[in-house]
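Results of the structural survey
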Amino acid sequence: MNVKALLKGLLATAALLTLSVNAAPAADKTFEKKYAQVMGQEMAYIDEGKGRPVVFLHGNPTSSYLWRNIIPYIAKDYRAIAPDLIGMGDSAKPKLKYTYREQANYLHAFLDKLDLKDAVLVVHDWGSALGFHYARTRSERISAIAFMEATLPPFYPIPSLDAMGPSAEFLKNVRSPGIGEEMIMKQNILIDQFLRTSTAKAPLNEQIMAEYNRYYPTAESRRPVLQWLREIPINGEPAKVHNTGLKNNQWLVTTEIPKLLLYVTPGVLVNETTVNYMRANAKNLEVIPLGAGGHFVQEEYPDKIGRELAAWLSRT
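Residues numbered from 1 in each chain as written. Predicted model: local features only at pLDDT ≥ 70, side-chain atom pairs only at ≥ 80, totals over all residues. Heavy atoms only, no water.

The name given to the chain in an unreviewed UniProt entry is Haloalkane dehalogenase, with the source organism recorded as Thalassomonas actiniarum.

Concerning the overall build of the chain
The condition that has to hold: Helix and strand definitions here come from DSSP, where helices need a minimum of 4 consecutive H or I residues and strands a minimum of 2 consecutive E residues; each element is numbered from the N-terminal end. Using C-alpha atoms as the atom set, the radius of gyration is obtained and then compared with a globule rule of 2.2 Å times the number of residues to the power 0.38. Accessibility here uses a 1.4 Å probe with only protein chains present; expressed as a share of the type maximum, an area under 20% marks a residue as buried, one over 50% as exposed, and anything in between as partly exposed. Residue contacts follow a heavy-atom distance rule, with two residues in contact if any of their heavy atoms lie within 4.5 Å.
Looking only at helices and strands, the chain has 13 helices and 8 strands in total. Radius of gyration (C-alpha) of the chain: 18 Å, near the 20 Å computed for a compact globule of 316 residues. Its C-alpha atoms give the chain principal-axis dimensions of roughly 55 × 40 × 40 Å. The proportion of buried residues among the 316 residues of the chain is 59%. Pairs at least 24 apart in sequence give 78% of the contacts found in the chain among residues at least 6 apart.

Brief notes about the packing of helix 6 (residues 179-186) against helix 9 (residues 223-230)
The cut-off we apply is this: Lines fitted to C-alpha atoms define the axes, with helix axes restricted to the stretch in contact, and inter-axis angles between N-to-C directions lie between 0 and 180 degrees. Oblique is the label for every angle not falling under 35 degrees (roughly parallel), over 145 degrees (roughly antiparallel), or within 65 to 115 degrees (roughly perpendicular). Crossings are sorted by hand: turned counterclockwise from the far helix by less than a right angle, the near helix makes the crossing left-handed, and turned clockwise it makes it right-handed. Under the scheme applied, nonpolar residues are Ala, Val, Leu, Ile, Met, Phe, Trp, Tyr, Cys and Pro; charged residues are Asp, Glu, Lys and Arg; polar residues are all the others, including Gly.
At a minimum axis distance of 9 Å, the contact between helix 6 and helix 9 shows a crossing angle of 130°. For the element pair helix 6 / helix 9, the angle class is oblique. In this structure, the crossing between helix 6 and helix 9 has a hand that is right-handed. Residue-level inspection shows Gly180, Glu181, Ile184 and Met185 of helix 6 in contact with helix 9, the latter providing Arg223, Val225, Leu226, Leu229 and Arg230. In terms of residue class, the contact of helix 6 with helix 9 is built from 5 nonpolar, 1 polar and 3 charged.

Quick notes on the environment of Thr273
When you line up the elements, Thr273 lands in helix 11 (residues 272-281). Measuring from C-alpha to C-alpha, the distance between Thr273 and His58 comes to 24 Å, with 215 residues separating the pair along the chain.

Things to note about the pairing of strand 5 (residues 119-124)
For clarity, the threshold we go by: Criterion used throughout: strands pair if DSSP finds at least two bridges between them. Convention used here: a crossover is right-handed provided that the path from the first strand, over the helix, to the second strand proceeds clockwise when the strands point away from the viewer.
Most of strand 5 sits inside the fold, with 6 of its 6 residues counted as buried. Here strand 5 shows no split at all, with Ala119, Leu121 and Val123 on one side and Val120, Val122 and His124 on the other all buried. Bridge count between strand 3 (residues 53-57) and strand 5: 4 bridges; the pairing is parallel. Looking across to strand 5, one finds that Val54 is bridged to Val120. Note that strand 5 and strand 6 (residues 142-148) share 6 bridges and pair parallel. Bridge assignment links Val120 to a residue of strand 6, and that residue is Ala144. In terms of handedness, the path from strand 5 via helix 4 (residues 126-137) over to strand 6 forms a crossover that is right-handed.

Some points on helix 13 (residues 302-315)
Put simply, the rule is: Helix span, as expected, comes to 1.5 Å for every residue beyond the first. By arc we mean the arc of the directions from the helix axis to the C-beta atoms, nothing more.
In this model, helix 13 (14 residues) spans 20 Å end to end at C-alpha, consistent with the 20 Å of a helix rising 1.5 Å per residue. Among all positions of helix 13, only Pro302, Ile305, Gly306, Leu309, Trp312 and Leu313 are buried. Angularly, the buried residues of helix 13 cover 135° about the axis, an arc narrow enough to put them on a single face.

Things to note about the pairing of strand 6
Among the 7 residues of strand 6, 7 are classified as buried, and the element is accordingly described as predominantly covered. With 4 bridges connecting them, strand 6 and strand 7 (residues 259-266) associate as parallel partners. Directly across from Ala146, in strand 7, lies its bridge partner Leu260.

Quick notes on the nonpolar core
Nonpolar side chains tend to gather and get buried jointly when the protein is soluble and globular. So the rule is basically this: To define a nonpolar core, start from buried Ala, Val, Leu, Ile, Met, Phe, Trp, Tyr and Cys residues and group those joined through side-chain atoms within 4.5 Å.
Counting residues in hydrophobic clusters, the biggest one holds 108 residues, and the most contacted among them are Phe56, Phe110, Phe147 and Leu309. If one sorts the elements of this core by residue count, helix 3 (residues 100-114) sits on top with 7 residues. Setting aside its immediate chain neighbours within four residues, Leu309 contacts Phe56, Ile70, Ile74, Val122, Ala146 and Leu260.

Overview of the pattern of salt bridges
Put simply, the test is: One side-chain nitrogen of Lys or Arg within 4 Å of one carboxyl oxygen of Asp or Glu is enough to make a salt bridge.
One pass over the structure, following the stated rule, counts 17 salt bridges. Between Arg52 and Asp118 there is a salt bridge, with its nearest N and O atoms 3.4 Å apart. Note that Arg52 is positioned in the loop between strand 2 (41-48) and strand 3 and Asp118 in the loop between helix 3 and strand 5, a separation of 66 residues in sequence. Asp118 gets classed as partly exposed once you look at its relative accessible area, which sits at 42%. Note that Lys186 is salt-bridged to Glu182, the shortest N-O span being 4.0 Å. Note that Lys186 and Glu182 are positioned in helix 6 at a spacing of 4 residues, about one turn of the helix. Here Lys186 falls in the exposed class, since its relative accessible area comes to 57%.

Okay, structure coming up:
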């Protein structure tokens, strides 16, 4: 296997899919984490402020650190909660396959333990799939939801590899036994290359990258990062994730709870077609453009996201 050739292809994909204009802030906010026992394992989380709970859910390959510069805008008037998914961030890393079902079981048990009422979810990437799933099945707990670069119809679940355009070859490789382990677990491509270069006008600085990498000191510790890529439902597989996605989509467009879609152009998961679909079909939806950007919008527009979220919360 020519890893250098695969890496070159991935970097080309990042260049095609992202366009960013704002560098990350020079000074990042840090928070002390708390820990909760969930299904026999410790899950780490940020818990700042008081009032109506606002829960921030991250995706792959990040952690609650993704929300560090947005949380201060919310914690002034609300209770901001941001967990690290099991196997990620400072949460425990038990020996699991790290399937969607396992991740959902741990996260949903954690959220149930908080005994949320009138809560708002703010979600991104896989955190959106998990969050939509939770809101759909715990409707009595969740009263509003904001999302960005999320798993939305009509693009998700993904109909075929070809529909992924320049990402198709990368996804094909990481889903192949042996090749995916080499690329993601051993070479650490998703964090060291894709995350580093697909977020801001300049690559993320070494301090930020060191924090994202801190949670994954060994190849084996990166298994959740690889498995998340293999859980992406493409052409109906994995079937359970695909079916959950369809149910989430139906719930999302029909539920009356307030919704906020923040998007960038061209984006990765959310493009113009998706925005137009959501505008036409989703009830009680506000749509706010952030500007030019790629996938990790929190690294590109933390202040704008924070201000828009705070203003939207005051309206809901």
